[in-house]
Amino acid sequence: MAKKKKTISKPKRVKKKDNRVAAFFKSKQTHLVFGVFIFTSAIFLIISFYSFLLHWKEDQSLLHNFTDKNYEAKNLLGKLGANLSDFFVFDGFGVATFIFPFLLFLTGLYIIINIPIKKLNKTWFNGILLMIWTSIGFAFFKPELPLFAGKIGYEVNDFSQIYIGKTGVFLFLITTLLIFIISKFRITPEKIKGVFPKLKDKNLKNIVDDITDEGFITEAIHENSTPEVELTVETNTIVEPIETANKIIEKPVIENTKVNIPEDEIEIIVENPIHEEHTVENLSNNLVEDFGEFDPKLELSNYKFPKLSLLRDYNNENININKDELESNKNRIVETLNNYKIGITSIKATIGPTVTLYEIVPNAGVRISKIKNLEDDIALSLAALGIRIIAPIPGKGTIGIEVPNKNPSVVSMKSVLSSQKFQNSDMDLPIALGKTISNETFVVDLAKMPHMLMAGATGQGKSVGLNAVLASLLYKKHPAEIKFVLIDPKKVELTLFNKIERHYLAKLPDTEEAIITDTTMVINTLNSLCIEMDNRYDLLKNAYVRNIKEYNVKFKARKLNPENGHKYLPYIVLVIDEFADLIMTAGKEIETPIARLAQLARAIGIHLIVATQRPSVNVITGIIKANFPARVAFRVTSKIDSRTILDSQGADQLIGKGDMLISTGNELTRLQCAFIDTPEVDNLTDFIGSQRAYATAHLLPEYVGEESGTSVEVDIADRDKLFEEAAHLVVNAQQGSASLLQRKLKLGYNRAGRIIDQLEAANIVGPFEGSKARQVLVLDVLALKQLLDNEKL
């Protein structure tokens, strides 16, 4: 037999043409050349337009003899300049055309100095509007000067006057000018009232409301729709959300004014306290009428909310519907159920960002538990991780099978924050966590939760989830309305928020760092929050209100006297990133204030968000679970951990990378957590941190802990057994802190604190110095030995 010759295929040459073209357009040199070209073109047009205004009559004959060399143009830039000017100025918008080269000039300059030209979008829009308005305005007010208006302005004015008359054109010009000025310079009724004090606020407010209702100053937001597939497949189109920015309404500047009322004008009737309350009510109404409501945002009245352009768009955000994948999964599910003699009457698919939900209706007489027990078999047949069976789906009468998509899409933070559901929410503390399986933005109110417990294994999206929570609140709440207490034992997760310390963070007095990393400072901060909680409850009691919302409404209406200790109360959100580490080192000293805050702090506006990567029962105790009704679970390693955090299994079957379950009661909801990367958080905190801030961070009440007292006398006989060993350890390390003893000697916080007190009494370490470690007063081991020997004599 003849041997078959093996054919060796030659490797195909990879075409590099596309890469070269892409590299050419991405090159900084290309950008510079393009910028210089636009810059010089703008100068060319400005010179030609100016020259046209001086010599347009002489150059009229040249317009039809461009190629004739016998004619010479008077325009400084020759025949080309004369023709371009005639096209833009005479046939275009008249003298208003000068705005166009000015815009080109700015664009070229931005490209040359490498500033993104997206920042000029509004400038171009406003410039073109102004050019059109000016052209029509010249045609209306100076019809005898057609060159000033240009053909476009002249024709538009002439056409408009035929249909709406001169009066109509005049009203149109004045109205559009006023609308432009109001929206451009953000004129509010309060500003106008400051110019004309006698104008009534109500009438002015009605006028502005009418303008707003007509939609002159609005921004469009597209809401994502829900793709559902009936197998038979039916889907809805996904609409990308349009970026919107929070509107900033400037508040009137109201100076603190003390009102003196003559004593003979005040009538106090002790017998009937209702009359006294009525007098105070009338007085507060007069104050509001004269000075307006108290504005807590007044000190930072020019604060600008962050824009959505600070966040990033991702290429794979849209949900791609793969009909072949849907059909294949459907057939395998049906086949697996048939193998166990389970028939179904219908099956429908709802496609989410990372997971597709297959809803099945089984035949009559089929037990739900029988399908539930086939979870592993269905996962085997689909060759997929993260299969979860919901039997039954609450309120639907169907059984759900969640199957991960082969090509999941990213849920960006920008897409959830730009959604209509978040933008139009009237919640007190709105949080946009991500998107559901039906691709709806999931927004919850932290004020109603009122606390959140978050757990998940390392690398499953827990820290990103915390950043998403913080970003949501930063995009919605003014610095006067909310303060954060950030506890970060890992020391690296929340450091970026240091930039907004004087805007949004709260801390203890006389501490350097607003983000708390030391265990001792954590204990002091939690106890300080308990003091703040008690103080706030006293204020609520004296104000005869039940919660922070009613209190602040009453205070802003000037019905509470600041001289009696009343003040505006911002919400306080306590965020703990790694709770397990704190429980290991401090135990009950951490758990007790946490439990107390969780039980009582809801009404006075203190809310807790506690995260841990190890949701074991000794970390998340019964007391903690009982007071955290809202729980978020990212992927965990075992069913036991899932039951610990959610009281049911399911978190162990998630696929990771932001796939999460949230329980706000009895119902579990599966979400894909919104993704916000570190550079996005950096941009956000940079934008906020660059603005004018308060003088200091928000100061919490001072708390004097066990370790902060002066030196105390301790009997040598009462010293701890590990006293000498601890003394040698402190002297060798030249660092006097309870946390050092905890780590090296494996002690609890209480015992380590007592040993530190004994070392202080023995003049081995110095007194308590706040967040700093104590000073070690003994220089070396020999000096320590001599000191201890002298004590024994």
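Keep in mind the model is a prediction, meaning the values are calculated, not measured.

Quick question: what am I supposed to make of the overall build of the protein here?
Within the protein, the secondary structure is distributed over 27 helices and 16 strands. The buried share of the protein, taken over its 793 residues, is 45%. Within the protein, contacts between residues separated by at least 24 positions form 67% of all contacts whose residues are at least 6 apart in sequence. Only carbon and sulfur atoms are counted for the fraction: they give 55% of the accessible area of the protein, which is about 44,000 Å².

Help me understand a nonpolar patch on the surface, please; the structure alone is not making it clear to me.
Together, Phe141, Phe170, Leu171, Ile174 and Leu178 give the surface a local cluster of nonpolar side chains, amounting to about 460 Å² of exposed area. For the nonpolar patch, the element with the highest residue contribution is helix 6 (residues 146-185), accounting for four residues.

Is there a simple way to think about the packing of helix 2 (residues 28-55) against helix 3 (residues 78-93) in this case?
In a pair of packed helices, the angle between the axes and the distance between the axes together describe the arrangement. With their axes 9 Å apart at the nearest point, helix 2 and helix 3 run at an angle of 80° to one another. One finds that helix 2 runs roughly perpendicular with respect to helix 3. Side by side, helix 2 and helix 3 meet where Phe44, Leu45, Ser48, Phe49 and Phe52 of the first sit next to Leu80, Gly81, Ala82, Leu84, Ser85, Asp86, Phe88, Val89 and Phe90 of the second. Grouping the amino acids of the contact of helix 2 with helix 3 by side-chain chemistry returns 10 nonpolar, three polar and one charged.

Looking at this structure, I do not really get the environment of alanine 364. What am I missing?
Among the structural elements, alanine 364 can be located in the loop between strand 3 (355-362) and helix 11 (368-372). Residue classification places alanine 364 among the exposed positions, given a relative accessible area of 83%. When the C-alpha atoms of alanine 364 and threonine 345 are compared, they prove to be 9.1 Å apart, with 19 residues separating the residues in sequence.

Looking at this structure, I do not really get the packing of helix 2 against helix 4 (residues 99-112). What am I missing?
One can describe the packing of helix 2 onto helix 4 by two numbers: an axis separation of 8 Å at closest approach and a directional angle of 155°. On the basis of their axis angle, the class for helix 2 and helix 4 is roughly antiparallel. In the crossing of helix 2 with helix 4, the sense of the turn from one axis to the other is left-handed. Residue-level contacts link His31, Leu32, Phe34, Gly35, Val36, Ile38, Phe39, Ala42, Ile43, Leu45, Ile46 and Phe49 of helix 2 to Phe100, Pro101, Leu104, Phe105, Gly108, Leu109, Ile111 and Ile112 of helix 4. By residue class, the composition of the contact of helix 2 with helix 4 is 17 nonpolar, three polar and no charged.

Explanation requested: the pairing of strand 6 (residues 430-436) in the structure shown.
Put simply, side chains in a regular strand alternate between the two faces of the sheet. Burial analysis of strand 6 places seven of its seven residues in the buried class, which makes it a mostly covered element. Note: strand 6 against strand 7 (residues 441-445), five bridges, orientation antiparallel. Looking across to strand 7, one finds that isoleucine 431 is bridged to valine 444. Where strand 6 folds back onto strand 7 in an antiparallel hairpin, the turn is made up of four residues, including asparagine 439, whose phi is positive at roughly 65°. Two strands pair when backbone bridges link them, and strand 6 and strand 15 (residues 668-673) are joined in this way by three bridges, in the antiparallel orientation. Considered in strand 15, the bridge of glycine 434 is made with cysteine 673.

Any chance you could explain helix 19 (residues 579-586) here in plain terms?
An α-helical turn contains 3.6 residues, so a residue and the one three or four places further along point in the same direction. When helix 19 is considered as a whole, its buried residues turn out to be Phe579, Ala580, Leu582, Ile583 and Ala586. Projected onto a plane normal to the axis of helix 19, the buried residues spread over an arc of 160° and lie on a single side. The N-terminus of helix 19 is capped by glutamate 578, whose side-chain oxygen sits 3.3 Å from the backbone nitrogen of alanine 580. Residue glycine 587 follows helix 19 closely and has a positive phi angle near 60°.

What should I look at first to understand the pattern of salt bridges in this one?
Close approach of charged atoms allows side chains of opposite charge to pair. Summed over all chains, the structure comprises 24 salt bridges. A salt bridge links arginine 751 to aspartate 720, with the nearest nitrogen and oxygen atoms 2.9 Å apart. Taken together, the residues arginine 751 in helix 26 (residues 749-761) and aspartate 720 in the loop between strand 16 (698-699) and helix 24 (723-733) connect sequence positions 31 residues apart. The exposure class assigned to arginine 751 is partly exposed, which follows from its relative accessible area of 30%.

Which parts of the structure should I look at to understand the nonpolar core?
Looking at soluble globular proteins, one finds that nonpolar side chains tend to be buried together. One finds Phe484, Leu574, Ile590, Ile594 and Ile764 to be the most contacted residues of the largest nonpolar core, which totals 136 residues. If one sorts the elements of this core by residue count, helix 17 (residues 519-543) sits on top with 10 residues. Setting aside its immediate chain neighbours within four residues, phenylalanine 484 contacts Leu470, Leu473, Leu474, Tyr504, Leu505, Ala506 and Val573.

Whenever I open this one, the sheet that holds strand 6 confuses me. Can you help?
Whether parallel or antiparallel, the strands of a sheet pair through hydrogen bonds between backbone atoms. In spatial order, the strands read 7-6-15-14-13-8-12-11-9; together these nine strands make up an open sheet with mixed pairing. Both outer strands of the open sheet, strand 7 and strand 9 (482-487), are each paired with one neighbouring strand and no more. Neighbour to neighbour, the strand axes of the sheet diverge by 30° on average, direction disregarded. Sitting on the sheet, helix 22 (residues 639-646) is in contact with strand 8 (452-455), strand 13 (630-633), strand 14 (659-663) and strand 15, with an inclination near 155° to strand 13.

In this structure, what is going on with the side chain of threonine 525? I would like to understand it.
Here threonine 525 lies in helix 17. Classification of threonine 525 as buried rests on a relative accessible area of 1%. A polar atom in the side chain of threonine 525 sits 2.6 Å from the backbone oxygen of methionine 521. Dropping the residues within four chain positions of it, threonine 525 is found in contact with Val485, Leu508, Ile516 and Leu700.

Looking at this structure, how should I read the packing of aromatic side chains?
Two aromatic rings, taken as a pair, are described by how far apart their centres are and by the angle between their planes. Applying the stated criterion to the full structure yields 14 aromatic pairs. Relative to phenylalanine 141, the ring of phenylalanine 140 has its centre 4.9 Å away and its plane inclined at 90°; by these criteria the two rings are edge-to-face. Judged by relative accessible area, phenylalanine 140 falls into the buried class, the value being 16%. For phenylalanine 141, a relative accessible area of 43% corresponds to the partly exposed category. Between phenylalanine 140 and phenylalanine 170, the aromatic rings sit 6.3 Å apart at their centres with planes inclined by 35°, giving tilted as the arrangement.

What should I look at first to understand a positive patch on the surface in this one?
Together, Lys119, Lys122, Lys184, Arg186, Lys304 and Lys307 give the surface a local cluster of positive charge. Within the element layout of this structure, lysine 122 appears in helix 5 (residues 121-141).

Help me understand unusual backbone geometry in this model?
Negative phi is the rule for most residues except glycine; trans is the rule for most peptide bonds. Residues methionine 449 and proline 450 are joined by a peptide bond in cis, for which omega reads -5°. Within the secondary structure, proline 450 sits in the loop between strand 7 and strand 8. In the Ramachandran plot, glutamine 734 falls in the positive-phi region, its phi being about 50° despite a non-glycine side chain. Among the structural elements, glutamine 734 can be located in the loop between helix 24 and helix 25 (738-745). For glutamine 734, a relative accessible area of 40% translates into the label partly exposed.

In this structure, what is going on with the pairing of strand 11 (residues 571-576)? I would like to understand it.
For strand 11, a buried count of six out of six residues is recorded, marking the element as mostly surrounded by other parts of the structure. Burial along strand 11 is two-sided: the residues Tyr571, Val573 and Val575 and Ile572, Leu574 and Ile576 are all buried. Relative to strand 11, strand 9 runs parallel, the two being bridged by six bridges. If you follow leucine 486 over to strand 11, its bridge partner there is valine 575. Note that strand 11 and strand 12 (residues 606-612) share five bridges and pair parallel. When the bridges of strand 12 are listed, valine 575 appears paired with isoleucine 609.

Just checking my understanding: could you explain helix 18 (residues 548-556) for this structure?
Among the residues of helix 18, those classed as buried are Ile548, Tyr551, Asn552 and Phe555. In an axial view of helix 18, the angular spread of the buried residues amounts to 95°, which keeps them on one side of the axis. Looking at the packing, one finds that the buried side of helix 18 touches helix 17 and strand 11. One side-chain oxygen of the residue at the start of helix 18 lies 3.2 Å from the amide nitrogen of lysine 549, identifying that residue as asparagine 547. Just beyond helix 18, the residue with positive phi is arginine 558, at close to 60°.

Rules used in this analysis
- Residues numbered from 1 in each chain as written.
- Predicted model: local features only at pLDDT ≥ 70, side-chain atom pairs only at ≥ 80, totals over all residues.
- Heavy atoms only, no water.
- Helix = DSSP H or I, 4+ residues; strand = E, 2+ residues; numbered from the N terminus.
- Buried < 20%, exposed > 50% of the residue type's maximum accessible area, 1.4 Å probe, protein only.
- Contact = heavy atoms within 4.5 Å.
- Areas by Shrake-Rupley, 256 points an atom, 1.4 Å probe, with all protein chains shown as cover.
- Patch = residues over 30% accessible without salt bridge, like charges linked within 9 Å, V, L, I, M, F, W, Y side chains within 5 Å.
- Salt bridge = Lys/Arg side-chain N within 4 Å of Asp/Glu carboxyl O.
- Axes fitted to C-alpha atoms, helices over the stretch in contact; angles between N-to-C directions.
- Parallel < 35°, antiparallel > 145°, perpendicular 65-115°, else oblique.
- Nonpolar A, V, L, I, M, F, W, Y, C, P; charged D, E, K, R; others polar.
- Left-handed = near helix turned anticlockwise from the far one by under 90°.
- Pairing = 2+ DSSP bridges.
- Arc of directions from axis to C-beta.
- Polar contact = N/O pair within 3.5 Å; in protein donor to acceptor, adjacent residues only side chain to side chain.
- Core = buried A, V, L, I, M, F, W, Y, C linked by side-chain atoms within 4.5 Å.
- Phe/Tyr/Trp six-rings, centres within 6.5 Å; stacked < 30°, edge-to-face > 60°.
- Lys, Arg positive; Asp, Glu negative; His and termini not counted.
- Charge placed at Lys NZ, Arg CZ, Asp CG, Glu CD.

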